[in-house]
Amino acid sequence: MAGGAEQSGTELLAFAQFLDSSPQPLVYGYGRRSLHELRAREFGRLAGTVYLDHAGATLFPQSQLTSFTKDLMENVYGNPHSQNSSSRLTRDTVEQVRYRILAHFHASPEDYTVIFTAGSTAALKLVAEAFPWVPPGPESSGSHFCYLTDSHTSVVGMREVVAAMNITSIPVRPEDMWLAEEQDATAASDPDGQPLHLFCYPAQSNFSGTRYPLSWIEEVKSGRMCPVGGPGKWFVLLDAAAYVGTSPLDLSVHRADFVPLSFYKIFGFPTGLGALLVNSRSAPLLRKTYFGGGTAAAYLAEEDFYTPRESVAERFEDGTISFLDVIALKHGFDVLERLTGGMENIRQHTFTLAQYTYAALSTLRYPNGAPVVQIYSDSEFSSPEVQGPVISFNVLDDNGNIIGYSQMDKMASLHNIHVRTGCFCNTGACQRHLGISDEMVKKHLQAGHVCGDDVDLIDGQPTGSVRISFGYMSTLEDAQAFLRFIIATRLRPSHGHPLPLATPGEAGALSAESLPATRARRSPSPQEDASPDSRLWDNAPTTVDAVSLRPPLLETTRTQQTPSEKAAGMLDRGLGSHIVTNIFLYPIKSCAAFEVTRWPLGNQGLLYDRSWMVVNHNGVCLSQKQEPRLCLIQPFIDLQQRIMVIKAQGMEPIAVPLEENSNPAQICQSKVCADRVNTYDCGEKISSWLSTFFGRPYHLIRQSSDFQRNARKKRGKDQSACTTATLSLVNEAQYLLINRSSVLELQQQLSTSDENGKEELFPVNNLISRFRANIITSGTRAFEEEKWDEISVGSLHFQVLGPCHRCQMICIDQQTGQRNRNVFQKLSERRERKVNFGLYLMHTSLDLSSPCYLSVGSQVLPVLKENIEHYDLPASEKQQEVIS
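Notes on the structure in this doc start here. The model shown is predicted, which means the values in this text are computed figures rather than measured ones.

### Observations concerning the overall build of the protein chain
Across its full length, the protein chain holds 24 helices and 42 strands. Counting every position in the protein chain, which comprises 884 residues, the buried fraction comes to 55%. Across the protein chain, the fraction of contacts at a sequence separation of at least 24, relative to all contacts at a separation of at least 6, is 74%.

This is the structure we're talking about:
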């Protein structure tokens, strides 16, 4: 491994030292072409961003789009199936692009055909459907479909197509192929025999970046190396999608039968366009059943008569191809050649960055000598022949335990570093490198983990990894920014020194005794809301002060013991009491909080909580992660006037009615956390207001009252089946609760010292606002709430659904919109495995006969998990209080 001696502690490996210590010449950049000028001119949108997911999708340069747009504006391109002049121009241009593609891969039109597809996945499916499979019979064992286990999901998925044809699929491990390379070729199969078999493998693993030998193509086709034993002739499909984005492929030397690829991996644009390159010797074997527009030479509608076109491309390109996207490829090739000088230069440049980053990561050690990362690789990054510009790894703590990829992804986002996490649609490689058995995969599925989610650790074992990958426009600064991020988040914070927990007697801690008299007193015991119908509140006692944040609480009348008090049992006085100290609702999703002291409940949670949201011009829901200034939008609910007043600095207040407009509104579809929701636009007036404030076109939409969005409820102890809870536009649950004692512990971790050594505490209220909870309680111990299974507040009963997994939004100061990475960082250190803070709740045991309220000062009665231990009220407080 290049890189020289290991670096000590937090030092970053010097690039010059790395180059000097390399046993082979390394190339960075593109000669006289300035990489910094290229980035500034072509990729100005990357300013302040470190993009390291080029294996997922590389980025298009500005001049490519400019050139393509100019082409479209100056020419008329018609449907290539017509015969007019604009259509002939399209056909001729498309054919020129086919030639350009073949030239790029050092192939001639005599040797290969380009079939345009919707991407490499569509190309793979085409081969699976059209290959001349021979099912087993009395005289033959039939065809075999073999694939390397280190293959993309789209390759493995071909087995479902061939299974329908009664064809056997055989997975082959990389170790088996490497072993076959070393074996004597005397056991080779007959290259001209029957039946026909297909072997698929990737030129480059999209998981680890391992580059498999292109020599396997000829070895397998010639019969000198067989994936499995038995008679027959082997064909080879080379999955080149991940490989060709950063490396040349010479098909005049490595003559694979089928080569699927996606062009956005090379150029960044267009997306949704790929190709299948078919060897001319193999093309006549392909069989086709369906025929679409443009593929038939002749057919009859009333008779089973059909003759396909002679051209292989025309025969397999059903319907009208995406001809404008095909034309865009010409500009992609032109610009790529002009900017870099060709794929060999790209290969050398990207490998240099990958090898340097690999070397630097490998040297990072904790003070106890433990490695900071575990890298998953089959090579030592010795050369671009065996390794692509991809690094797959997991971050470790100083005890060698893996830190979940989801946590690292969130941390990277705070530093504006874009990475990929998970298994990258390559389960086989993921299992092999992470040691995940087949049984564990099934167990993980039963535990709720599916491909692409953020469940990164199960029983302490990883379900995936972090992947970084470089593209032709990547720079040394990108690599070093990523390395500094790892150093800053893993080596520079203090580890293994937990701060003491906050207790009620310490400075800043809140207890029931420290509350104002009106807030420490029991609040009225609420009854559940009969209906969120706005007419209900017209006649209700107006005890909610929508402007004042601390109005006096109602006087109370003592009555009989509440059901929750009867169920609570004996008091455990050692655990102390819990009081509701604050209530917040967020009428507009991701906008500022509206704090109240008493508020009605609806069937979706606090009345009007997250009933509205802001969307962009495409109808996509916005959050503070994309638009931090949303927190500066301040909504106020006035129940008496039936309006929501929205304020922002520099803007005149604007009112939005609480009731739905009786006139038909524009119904639109949107999504919240993958759930489809029916909404309606709140009108041009508020849209113009928002667009003026943000400087881009935004709309305010509201969930339709006749639309019900359900969330699966946790099975309760006395429930025979899961029930459903109705949700507003919240992410996960009807309510979110946090404990002040937990906030106080985090506050101590965030404390800093000024120049005189005086400790400066992070404001508690600032921290509370970042977690955007509905209910704030005063606790006695930090994170004790995580042991709760249920809670009661008066006669209201809530089921705990689970912890809230935090994202980088908690780093946004809700008063200014500014980011502070330390909040997530410190919480990550304290919570170790998962960045959890707060509890999701849903209300249960609904009594729909009368309205109910949630009030500040109410006693909170938790029920613990497992042993179902109860907190209870003191005997003097066991009483029912009713609403006047």
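### Considering the nonpolar core
If you look at the biggest cluster of nonpolar residues, it comprises 69 residues, and the most contacted ones within it are Phe482 and Ile486. It is helix α13 (residues 343-363) that contributes the most residues to this core, eight residues altogether. Non-local contacts of isoleucine 486, meaning those with residues more than four positions away in its chain, are made with Leu361, Leu364, Val372, Val395, Met408 and Leu491.

### Structural notes on the packing of aromatic side chains
For the coordinates displayed, the defined rule picks out 32 aromatic pairs. Both rings, one in phenylalanine 207 and one in phenylalanine 424, keep their centres 5.2 Å apart while their planes meet at 45 degrees; by these two values the pair is tilted. Separated by 217 residues along the polypeptide, phenylalanine 207 in the loop between β5 (196-202) and α9 (216-222) and phenylalanine 424 in the loop between β15 (420-422) and α15 (427-434) bring together distant segments of the chain. Taken as a pair, phenylalanine 207 and phenylalanine 424 share a single burial class, namely buried. Ring geometry for phenylalanine 393 against phenylalanine 482: centres 5.8 Å apart, planes inclined by 65 degrees, an arrangement best described as edge-to-face. Taken together, the residues span a long stretch of sequence, with phenylalanine 393 in strand β12 (residues 390-396) and phenylalanine 482 in helix α17 (residues 476-490) at a distance of 89 residues. Each of the two residues, phenylalanine 393 as well as phenylalanine 482, counts as buried. One aromatic cluster in this structure is built from Phe131, Trp133, Phe145, Tyr147, Phe235 and Phe258. Residue placement shows arginine 598 over the ring face of tyrosine 853; its charged tip is 3.6 Å from the ring centre.

### Side note on the environment of threonine 117
Relative to the assigned elements, threonine 117 resides in strand β2 (residues 112-117). Of the residues examined, threonine 117 reaches a relative accessible area of 11% and is grouped as buried. Between the C-alpha atom of threonine 117 and that of isoleucine 321, which follows or precedes it by 204 residues, the distance is 7.9 Å. Among all residues touching threonine 117, those that are not within four sequence positions of it are Ala122, Ala123, Gly272, Leu273, Gly274, Ala275 and Leu276.

### Quick notes on the state of the cysteines
Going through the model one piece at a time under the given rule, you end up with one disulfide. For cysteine 423, the disulfide goes to cysteine 430, at an S-S distance of 2.0 Å. Of note, the bridge from cysteine 423 to cysteine 430 carries an S-S torsion of about -50 degrees and is left-handed in sense. With no disulfide of its own, cysteine 226 lies closest to cysteine 146 among cysteine sulfurs, the gap being 9.6 Å.

### Regarding the sheet that holds strand β40 (residues 853-855)
Strand order in the open sheet formed by three strands is β23-β22-β40, with antiparallel pairing between adjacent strands. Both edges of this open sheet fall to β23 (605-606) and β40, since each of them pairs with a single strand only. In terms of strand pairing, strand β22 (residues 598-602) meets β40 through three bridges, oriented antiparallel. Opposite tryptophan 599, over in β40, you have leucine 854 as the bridge partner.

### Digging into the sheet that holds strand β25 (residues 634-638)
Read from one edge of the open sheet, three strands run β25-β26-β27, paired in antiparallel fashion. Looking at strand neighbours, the two that pair on one side only are β25 and β27 (654-657), the edges of this open sheet. Geometrically, the sheet is characterised by an average inter-axis angle of 25 degrees between neighbouring strands, direction not taken into account. Pairing of β25 with strand β26 (residues 643-647), which is carried by five bridges, proceeds in the antiparallel orientation. In the strand pairing of β26, proline 635 is matched with isoleucine 646. Docked against the sheet, helix α21 (residues 684-694) engages β26 and β27, running at close to 140 degrees with respect to β27.

### Side note on the pattern of salt bridges
If you walk through the whole model with that rule in mind, you get 24 salt bridges. Where aspartate 478 meets arginine 39, a salt bridge forms, and the shortest distance between an N and an O atom there is 2.7 Å. Note that aspartate 478 is positioned in helix α17 and arginine 39 in helix α2 (residues 35-42), a separation of 439 residues in sequence. Residue class for aspartate 478 comes out buried when judged on its relative accessible area of 5%. Looking at arginine 39, the relative accessible area reads 14%, which means it is buried. Here aspartate 257 makes a salt bridge to lysine 221, at a shortest N to O gap of 3.5 Å. Highlighted residues: aspartate 257 in the loop between β6 (233-239) and β7 (258-262) and lysine 221 in helix α9, separated in sequence by 36 residues. Judged by relative accessible area, which is 2%, aspartate 257 ranks as buried. Sharing partners across several salt bridges, the network here consists of Arg41, Glu42 and Arg338.

Definitions and limits used
Residues numbered from 1 in each chain as written. Predicted model: local features only at pLDDT ≥ 70, side-chain atom pairs only at ≥ 80, totals over all residues. Heavy atoms only, no water. Helix = DSSP H or I, 4+ residues; strand = E, 2+ residues; numbered from the N terminus. Buried < 20%, exposed > 50% of the residue type's maximum accessible area, 1.4 Å probe, protein only. Contact = heavy atoms within 4.5 Å. Core = buried A, V, L, I, M, F, W, Y, C linked by side-chain atoms within 4.5 Å. Phe/Tyr/Trp six-rings, centres within 6.5 Å; stacked < 30°, edge-to-face > 60°. Lys NZ or Arg CZ within 6 Å of the ring centre and 35° of its normal. Disulfide = S-S within 2.5 Å. Pairing = 2+ DSSP bridges. Axes fitted to C-alpha atoms, helices over the stretch in contact; angles between N-to-C directions. Salt bridge = Lys/Arg side-chain N within 4 Å of Asp/Glu carboxyl O.

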